[in-house]
Amino acid sequence: MRNYPRSAAILERNRRFIPGGVVSVNRAVTPEIVFVRGEGAWIWDAEGNRYLDYHAAFAPHLLGHNDPYVNEAVRRTLEAGASLFGSGTTELEGRLAELICRHIDFVDSVQLLNTGSEATAEAIRLARAATGRDHIIVMQGGYNGWHNDVACNLMTPLEALGPRRSPGEYPFVPISAGIPRAHQELVHPVNFNDLDSVTWVAERYPVACLITEPILQNIGVVHPLPGYLAGLRELADRYGFLLVFDEVKTGFRHALGGYAAIAGVRPDLVVYGKAVANGYPIAILGGRRELMDYFVHPDPARRVLLAGTYNAHPVPVAAAIATIERLLEGDGEIYRRLESLGRSIEDGLNERIAGLGVPAVVARQGSAFCLYFMDHRPVDWHDLAANHDFRLDEALRRELIEQGIYVFPLATKQWSISAAHTPADIEATVEAVGGVLERQRGSGSVGAAGRRVEGKD
Ligand SMILES: Cc1ncc(COP(=O)(O)O)c(C=O)c1O
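Since we're looking at a predicted model, the values are computed, not measured.

Undergrad: Would you mind going over the overall build of the chain with me for this structure?
TA: The helix and strand inventory of the chain stands at 15 helices and 14 strands. Along the three orthogonal principal directions, the C-alpha set of the chain runs to about 70 × 60 × 50 Å. When contacts within the chain are restricted to residue pairs at least 6 apart in sequence, those whose partners lie at least 24 apart make up 70%. When the accessible area of the chain is evaluated, it comes to approximately 18500 Å², of which 52% is carbon and sulfur surface.

Undergrad: How should I be thinking about the packing of helix H12 (residues 333–356) against helix H15 (residues 423–442) in this particular structure?
TA: The N-to-C vectors of H12 and H15 enclose an angle of 25 degrees; their axes lie 9 Å apart at closest approach. In terms of axis orientation, H12 runs roughly parallel to H15. The handedness of the crossing between H12 and H15 is right-handed. Only Pro-423, Ile-426, Thr-429, Val-430, Glu-431, Val-433, Gly-434, Gly-435, Leu-437, Glu-438 and Arg-441 of H15 make contact with H12, whose side of the interface consists of Leu-341, Ser-344, Ile-345, Gly-348, Leu-349, Arg-352 and Leu-356.

Undergrad: Mind showing me how you'd approach the sheet that holds strand S13 (residues 405–406) here?
TA: The pairing of strands in a sheet comes from backbone hydrogen bonds and takes either a parallel or an antiparallel form. Spatially, four strands are ordered S1-S2-S3-S13 in an open sheet, and the strand pairing comes out mixed. Two strands bound the open sheet, and with one partner strand each, they are strand S1 (35–39) and S13. One ladder, built from three bridges, connects strand S2 (residues 42–45) with strand S3 (residues 50–53); its direction is antiparallel. Bridging across to S3, Trp-44 finds its partner in Arg-50.

Undergrad: I keep staring at the site of the ligand and nothing clicks. Help me out?
TA: The environment of the ligand is made up of 13 residues, and the closest members are Gly-116, Ser-117, Asn-218, Asp-246 and Lys-274. Here an oxygen atom of the ligand and a backbone polar atom of Gly-116 are 2.9 Å apart. Separating an oxygen atom of the ligand from a side-chain N or O atom of Ser-117 is a distance of 2.6 Å. Relative to its unbound accessible surface of 390 Å², the ligand loses 87% to contact with the protein.

Undergrad: Before we go on, may I ask you to explain the layout of surface pockets in this structure?
TA: Its boundaries defined by the atoms lining it, the second largest pocket holds a volume of some 760 Å³. Lining the second largest pocket are 35 residues, and of these Thr-90, Leu-92, Glu-93, Leu-112 and Ala-312 sit closest to its centre. Going through the elements one at a time, helix H2 (68–79), helix H3 (91–103), strand S4 (109–113) and helix H11 (314–328) are the ones with two or more residues in the lining of the second largest pocket. If you tally residues by element for the lining of the second largest pocket, the top one is H3, at six residues.

Undergrad: Looking at this model, I keep getting lost on the sheet that holds strand S11 (residues 361–365). Mind explaining?
TA: Taken in spatial order, the three strands line up as S11-S12-S14 in an open sheet, and their pairing is antiparallel. Looking at the sheet topology across the chains shown, the edges are occupied by S11 and strand S14 (415–416). One ladder, built from two bridges, connects strand S12 (residues 368–372) with S14; its direction is antiparallel. Across the sheet, Ala-368 pairs through a bridge with Ser-416, a residue of S14. Most of the contacts of H12 go to S11, to which it runs at about 175 degrees, and overall it touches S11 and S12.

Undergrad: Looking at this structure, I do not really get unusual backbone geometry. What am I missing?
TA: The phi torsion of most residues other than glycine is negative, and most of the peptide bonds are trans. Thr-30 connects to Pro-31 through a cis peptide bond whose omega is 0 degrees. Mapped onto the secondary structure, Pro-31 falls in the loop between helix H1 (5–15) and S1. The amide bond that connects Ser-166 to the next residue, Pro-167, takes the cis arrangement and shows omega of -5 degrees. For Pro-167, the location among the structural elements is in the loop between helix H5 (158–161) and helix H6 (181–184). In this structure, Asp-331 is a non-glycine residue whose phi angle is positive, near 55 degrees. Position of Asp-331 relative to the elements: it lies in the loop between H11 and H12. Given a relative accessible area of 70%, Asp-331 falls into the exposed group.

Undergrad: Any chance you could explain the state of the cysteines here in plain terms?
TA: Joining two cysteines, a disulfide is a covalent bond between their sulfur atoms. With the rule as written, the count across this model stands at zero disulfides. The thiol of Cys-209 is not disulfide-bonded; the next cysteine sulfur, from Cys-152, is found 12 Å away.

Undergrad: Teacher, can you tell me more about the domain arrangement of the chain here?
TA: Quoted interface sizes are often the accessible area lost when the parts come together. When the domains of the chain are assigned, the result is domain 1 (5–66 + 332–442) and domain 2 (68–329). Here the C-alpha centre of domain 2 lies 25 Å away from the C-alpha centre of domain 1. In this complex, domain 1 contributes 36 residues to the contact, which on the side of domain 2 involves 43 residues. Of the roughly 3200 Å² buried where domain 1 meets domain 2, counting both sides, 54% is carbon and sulfur surface. Here domain 1 and domain 2 share one salt bridge between them. Notably, a salt bridge pairs Asp-380 with Arg-164, separated by 2.8 Å at the nearest N-O pair. Linking domain 1 with domain 2 are 23 residue pairs in polar contact (both at pLDDT 80 or more), by the criterion used here. Of all elements in the fold, only H12, S11, S12 and helix H13 (381–387) reach the threshold of two or more residues within the side of domain 1 that touches domain 2. Examining the composition of the side of domain 1 that touches domain 2, we find that six residues originate from one element, H13, more than from any other.

Cut-offs and rules
Per chain, residues are indexed from 1 in the order of the written sequence. Two thresholds apply to this predicted model, a pLDDT of at least 70 for residue-level local features and 80 or more for giving and counting side-chain atom pairs, whereas whole-chain, interface and lining totals are computed over all residues. Values reported for side chains reflect all heavy atoms of the structure, with hydrogen atoms and water molecules removed beforehand. Secondary structure elements are defined from DSSP: runs of H or I of at least 4 residues count as helices, runs of E of at least 2 residues count as strands, and each element is numbered from the N terminus. Contact between two residues is taken to exist if any of their heavy atoms lie within 4.5 Å; hydrogens are not considered. Here the Shrake-Rupley method, with its probe set to 1.4 Å, supplies the accessible areas, and only the displayed protein chains count as covering residues. Angles run from 0 to 180 degrees between N-to-C directions of axes, and those axes are lines fitted to C-alpha atoms, restricted for helices to the stretch in contact. The cut-offs work like this: below 35 degrees is roughly parallel, past 145 is roughly antiparallel, 65 to 115 is roughly perpendicular, and the gaps in between are oblique. Crossing chirality is assigned from the near helix's rotation relative to the far helix, an anticlockwise turn below a right angle marking it left-handed and a clockwise turn marking it right-handed. The rule for pairing is simple: two strands pair if DSSP sees at least two bridges between them. If even one non-hydrogen atom of a residue comes within 4 Å of a molecule or strand, that residue is called near it. Side-chain atoms alone can form a polar contact between residues adjacent in sequence; in general such a contact is a pair of N or O atoms within 3.5 Å, and within protein one must be able to donate a hydrogen while the other accepts it. Grid points spaced at 1 Å and placed over the protein atoms alone form the basis of the search, with a cavity being a set where a 1.4 Å probe fits but cannot get out and a pocket an open set showing protein on both sides within 12 Å along at least five of seven lines. Lining residues have an atom within 4 Å of a point. Grid points are joined across faces, edges and corners, and a volume is the space filled by probe spheres set on the points. The buried label goes to any residue with under 20% of its type's maximum accessible area, the exposed label to any with over 50%, and the partly exposed label to all in between, with areas taken from a 1.4 Å probe on protein chains only. Cysteine sulfurs are considered disulfide-paired once they come within 2.5 Å of each other. Domain limits in this description derive from either an automatic procedure or a database domain assignment. Once two parts are put together, the accessible area they lose, assessed with a 1.4 Å probe and summed over both, is termed the buried area. One side-chain nitrogen of Lys or Arg within 4 Å of one carboxyl oxygen of Asp or Glu is enough to make a salt bridge.

Have a look at this one:
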């Protein structure tokens, strides 16, 4: 077992000033490793160990850590004297907004915020303002941020959910203390891939919006079944609620327009974050003009407040423009490369799994994938929680970390490939995973009963 004495010392010191020693409690995992450097597909810890990174800081690093083109754009912007002015517009924010609207056909205009959570909060507020309704539908197994509307029903233990409910809704199971009960009553969690439950809720409550990741990527990679997203579109139109796609994880990673562009389903509002600026903090809320215009509604009583001291800070805006420029290069050459790397790892893992006879499946979209220890790809959280071997998943992750491959040590968390990974990296990863599974099988651990855990990005 590796030891991390320098990491331990830093953590110990930080505990005196930060609750638990780590900012953002979801980052507090074991092994307790302090990372100090990132470049391309690699990260280094305080001891000097190097890791091939598939965590990518919960997925923003699509081009790899510290992409030179993006960093150079940031450096040039600062050297040109850009600062945060907080009064009026800037040419830079207009350039980013135009780039996005030009390349995503269902986005007429955008707002720029700092984090995905801020953007989903604003999307929901806007939906409530535009529809005059208060209730919202969220997905069991989805994550849309830390605020009161959506901090619920992620990796909910099945004991708290009870049996599968369809058609129907699950109880609001908060993932944070402090969410007022009155607020919880406005939020209706349903299973992903279950249109009947959406209908069930929409017939009983005045629903302002349904917010969902188009692929559930906070519990690995759970795809929509054929017709599901189009079905949501139809129900939104039939019942008059807005369809909000939370593409914080899927957006820009799978395509510029996110998974909506791939699926050909147009949301009313969309939220992007993470990969937009390859690791710099920015989020985007966009959609149809008549909805977005609520932010400047002539009637102050109907106007939606969107504010933020740091909104459109020139550093992340410059980073986002540069990231998009990179993604547009060579008519999407980077996406082709990511798909090819993703395909290789999927094929390689499938070959090893078949050779070992391990009950496992790979679920993948482009550069995002997850290895599930069950006999089919999950369709929703209920399916996953009942069938996946969480213990084996975590054991695999811990062993890989020991070997210098960093995957977040929490079962079902997405693996993210970056454009800086190479075919040789992928080959080495397949070998390493195969080796761990072979040992686990030898020790009789494969197929052992699963364990369910709470977790979020
Ligand atoms: C799909 C999704 N939506 C929203 C968020 C919240 O974004 P942020 O952490 O930037 O507030 C996340 C974060 O992991 C996410 O994965």
